Amino acid sequence: MMDQWVSPDRLFDGRDVLTGKALRLVDGRVVDMDETPAEAIRVRGMISPGYVDLQVNGGGGAQLNDRPTVAAMDTISAAHRQFGTVALLPTVITDAPDVLEAAAEAAIGAKGREGVAGLHIEGPHISLARRGTHAPGHVRPFEARTLDTVARLRKAGVAVMITLAPEAATMDDISALAGLGAIVSLGHTDADAGLMRQAIEAGATCATHLFNAMSPMVGRAPGAVGTIINSDCYSGIICDGHHVADEMVGMAIRARPVPDRMFLVSDAMATVGGPDHFELYGKTITLQNGRLVNAEGSLAGAHVTQAEGVKRLVDHTGTSLTTALRMATSIPATCIRRPELGKLAGRPITDLIVLNDDLTVRGDLASVVDFTLDEMTAG
């Protein structure tokens, strides 16, 4: 049995940044945290739970809509893990019913596999006016086939987040989804504040990429944006410097009436850890100056990692380090009712990351501890 203590310069436990603490590892898993003993292995940097991302369309050259398979989910997970994301929701966007059903079967098949925490269904029940890059030909009102698919996922114990526009579904539909245990997230919507509030009362508990693809907040009309900011719903937000102005990201975080409701998403596409282009709905999406754009020059997803988002939150939006780390770990984990994903206790060291002082990811703790031991041996 391997039993050792490791002591980093700082330690983020999912809630707070701590100093003077060490983790006890038994056979490569965290079993305790306490004051640093003399025999602890010293680790430069900060140890944190690995990042959690609830909206990941692709990575490593794989796009879930194009390849709705377990193998594609493994590829996407592996691509993001090298950048510090250890749990994610592969995301299938608006498409034909058989694509959604294939993605659901893949999510059931991938249950328990490294890094795959469930499935995010983004569309097809959204607003045409706020569809963004989603294919208009597949946008449609809520249907029983989708409810059956979600029921099948939940029966298999798969965490489900489903993004829909309240104008594309009834309040009974939203209640039925929530009753199954799905996380109903409001997004790609042109709804006014009144309809948004009805959807929240019906069981919606989250919003998808705040500000993007939703009715804006203006002086006399809160719209979807203002309603979500002023609610107790969880909400994802993209922080890449392209989708939302840094000032607006910081403002939204500070304006929420309930703490720990904002979480970071990447909305990443196949280019993360992959080539600089990919096919979506048969058309080429290209990476240009950090932005993913379609032939018309419109944004089509994001080319960003959770690690880059955390760093940008701290460096450019006025967000504290503690809040930024929560937004990428414990808050999204709690949102999908998997709180263990945002904690240190019981986690394998491959699910813990080590951050440099500039918040870049040095590696997972397993690789860093091996490196540290090599340094000690060499010395």
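Everything below is about the structure shown above.
What counts and what doesn't
- Once a new chain begins, its residue numbering starts again from 1 and follows that chain's sequence as written.
- Given that this is a predicted model, residues contribute local features only at a pLDDT of at least 70 and side-chain atom pairs are listed and counted only at 80 or more, while totals for whole chains, interfaces and linings are drawn from all residues.
- Note that water and hydrogens are dropped before the side-chain values are worked out from all heavy atoms of the structure.
- Only DSSP runs of H or I covering at least 4 residues are called helices, and only runs of E covering at least 2 are called strands; the numbering of each starts at the N terminus.
- Restricting the calculation to C-alpha atoms gives the radius of gyration, and the globule rule supplies 2.2 Å times the number of residues raised to the power 0.38.
- Whether two residues are in contact is decided by their heavy atoms, any of which lying within 4.5 Å being enough.
- Per-residue and other accessible areas follow the Shrake-Rupley method at a 1.4 Å probe size, with only the shown protein chains counted as cover for residues.
- Lys and Arg are tallied as positive, Asp and Glu as negative. Neither His nor the chain termini are counted.
- Where a charge lies is defined by one atom per residue type, namely NZ (Lys), CZ (Arg), CG (Asp) and CD (Glu).
- To estimate the expected span of a helix, count its residues, drop one, and scale the result by 1.5 Å.
- Only protein chains enter the accessibility calculation, which uses a 1.4 Å probe; a residue whose area is less than 20% of its type maximum is buried, one above 50% is exposed, and one in between is partly exposed.
- Directions from the helix axis toward the C-beta atoms define the arc.
- At least two DSSP bridges between two strands are required for those strands to pair.
- Note on handedness: a clockwise path from strand one over the helix to strand two, with the strands aimed away from the viewer, defines a right-handed crossover.
- For helices, the fitted axis covers only the stretch in contact; all axes are lines through C-alpha atoms, and the angles between them, taken along N-to-C directions, range from 0 to 180 degrees.
- What counts as a salt bridge is simple: a side-chain nitrogen of Lys or Arg found within 4 Å of a carboxyl oxygen of Asp or Glu.
- Side-chain atoms within 4.5 Å are what join buried Ala, Val, Leu, Ile, Met, Phe, Trp, Tyr and Cys residues into a set we call a nonpolar core.

A count of helices and strands for the protein chain gives 11 helices and 20 strands. Taken over C-alpha atoms, the radius of gyration comes to 20 Å for the protein chain, in line with the 21 Å a tight globule of 379 residues would show. Over its C-alpha atoms, taken along the principal directions, the protein chain stretches across nearly 65 × 45 × 40 Å. Of the contacts formed within the protein chain by residues at least 6 apart in sequence, a portion of 69% connects residues at least 24 apart. Surface exposure of the protein chain reaches about 14,700 Å², of which carbon and sulfur atoms provide 50%. Of the side-chain charges in the protein chain, 33 are positive and 45 negative, and the distance between the mean point of each set is 3 Å.

The end-to-end C-alpha distance of helix H3 (residues 144-155) is 16 Å, a good match for the 16 Å that 12 residues give at a rise of 1.5 Å each. Taken as a whole, H3 has its buried residues at Thr146, Thr149, Val150 and Leu153. Looking down the long axis of H3, one finds its buried residues gathered within 95 degrees of arc, a one-sided arrangement. Opposite the buried face of H3, by more than 90 degrees, sit the exposed residues Ala144 and Lys155. The inward-facing, buried residues of H3 abut helix H2 (97-110), strand S10 (119-122), strand S11 (160-164) and helix H4 (171-179). At the C-terminal side of H3, glycine 157 shows a positive phi close to 80 degrees.

Turning our attention to the pairing of S10. The alternating pattern of S10 places Leu119 and Ile121 and His120 and Glu122 on opposite faces, both of which are buried. In this structure, strand S9 (residues 85-93) lies alongside S10, joined through 3 bridges in parallel fashion. Paired with threonine 91 across the strands is histidine 120, a residue of S10. Read from S9 through H2 to S10, the crossover connection turns out right-handed. Where S10 lies against S11, 4 bridges are found, and the strand directions are parallel. Residue pairing in the sheet places isoleucine 121 in a bridge with isoleucine 162 of S11. For the segment spanning S10, H3 and S11, crossover handedness is right-handed.

This part takes up the sheet that holds strand S16 (residues 277-280). Read from one edge to the other, the open sheet built from 3 strands follows the order S16-S17-S18, with strand pairing classed as antiparallel. Each having just a single partner strand, S16 and strand S18 (291-293) make up the two edges of the open sheet. Averaged over all neighbouring strand pairs, the angle between strand axes comes to 30 degrees, with direction disregarded. As defined by bridge partners, strand S17 (residues 283-288) adjoins S18 across 3 bridges and the pair is classed as antiparallel. Note on S18: the bridge partner recorded for leucine 287 is leucine 292.

A complete count under the given rule lists 16 salt bridges for this structure. Here glutamate 114 ties to arginine 81 by a salt bridge, and the two come within 3.5 Å at their closest N and O atoms. Here glutamate 114 is found in the loop between H2 and S10, whereas its partner arginine 81 is found in helix H1 (residues 70-81), with 33 residues between them in sequence. We classify arginine 81 as buried; its relative accessible area is 17%. Across the pair lysine 311 and aspartate 315 runs a salt bridge whose closest N-O atoms are separated by 3.0 Å. One end of the pair, lysine 311, and the other, aspartate 315, are both in helix H8 (residues 306-316), 4 residues apart, so they sit about a helical turn from each other. Judged by its relative accessible area of 28%, lysine 311 falls in the partly exposed class. A network of salt bridges, in which partner residues are shared, links Arg15, Asp16, Asp260 and Arg326.

A word on the pairing of strand S12 (residues 183-186). Residues in a regular strand project their side chains so that they alternate between the two faces of the sheet. Across the two faces of S12 the burial is the same, with Ile183 and Ser185 and Val184 and Leu186 all buried. Read as a crossover between parallel neighbours, the route from S11 over H4 to S12 is right-handed. For S12 and strand S13 (residues 206-207), the ladder comprises 2 bridges, and the chain directions are parallel. Pairing of leucine 186 across the sheet is with alanine 207, part of S13.

Right, let's get into the sheet that holds strand S6 (residues 51-56). Read across the open sheet, the 8 strands follow the order S6-S9-S10-S11-S12-S13-S14-S15; overall the sheet is parallel. In this open sheet, the two strands that pair with only one neighbour each are S6 and strand S15 (262-265). The pairing of S13 with strand S14 (residues 234-238) spans 2 bridges and is classified as parallel. In the sheet register, alanine 207 faces S14, and the bridge partner there is serine 235. Of the strands in this sheet, S9 and S10 touch H2, which is tilted by about 165 degrees from S10.

Turning to the environment of aspartate 172, a few remarks are in order. Positionally, aspartate 172 belongs in helix H4. In this structure the C-alpha to C-alpha distance between aspartate 172 and alanine 202, which are 30 residues apart in sequence, comes to 7.3 Å.

Now for the nonpolar core. Grouped together as the largest cluster of nonpolar side chains are 84 residues, with contacts concentrated most on Leu119, Ile121, Met161, Leu210 and Phe263. Residue contributions to this core peak at 7 residues, all from H2. Look past the residues within four positions of leucine 210 in its chain and what remains in contact with it is Val225, Ile228, Ile229, Ser235, Gly236, Ile237, Val244, Ala252 and Met262.

It is worth spelling out unusual backbone geometry at this point. Between glycine 123 and proline 124 the backbone carries a cis peptide bond, its omega angle lying at 15 degrees. Relative to the assigned elements, proline 124 resides in the loop between S10 and H3. Positive phi is not limited to glycine here, since histidine 188 has a value of about 45 degrees. Tracing the backbone through its elements, the reader meets histidine 188 in the loop between S12 and helix H5 (193-202). Positive phi, normally seen in glycine, also occurs at aspartate 267, with a value near 55 degrees. With respect to the secondary-structure elements, aspartate 267 resides in the loop between S15 and S16.

Function cannot be read off these values alone, since they describe shape.
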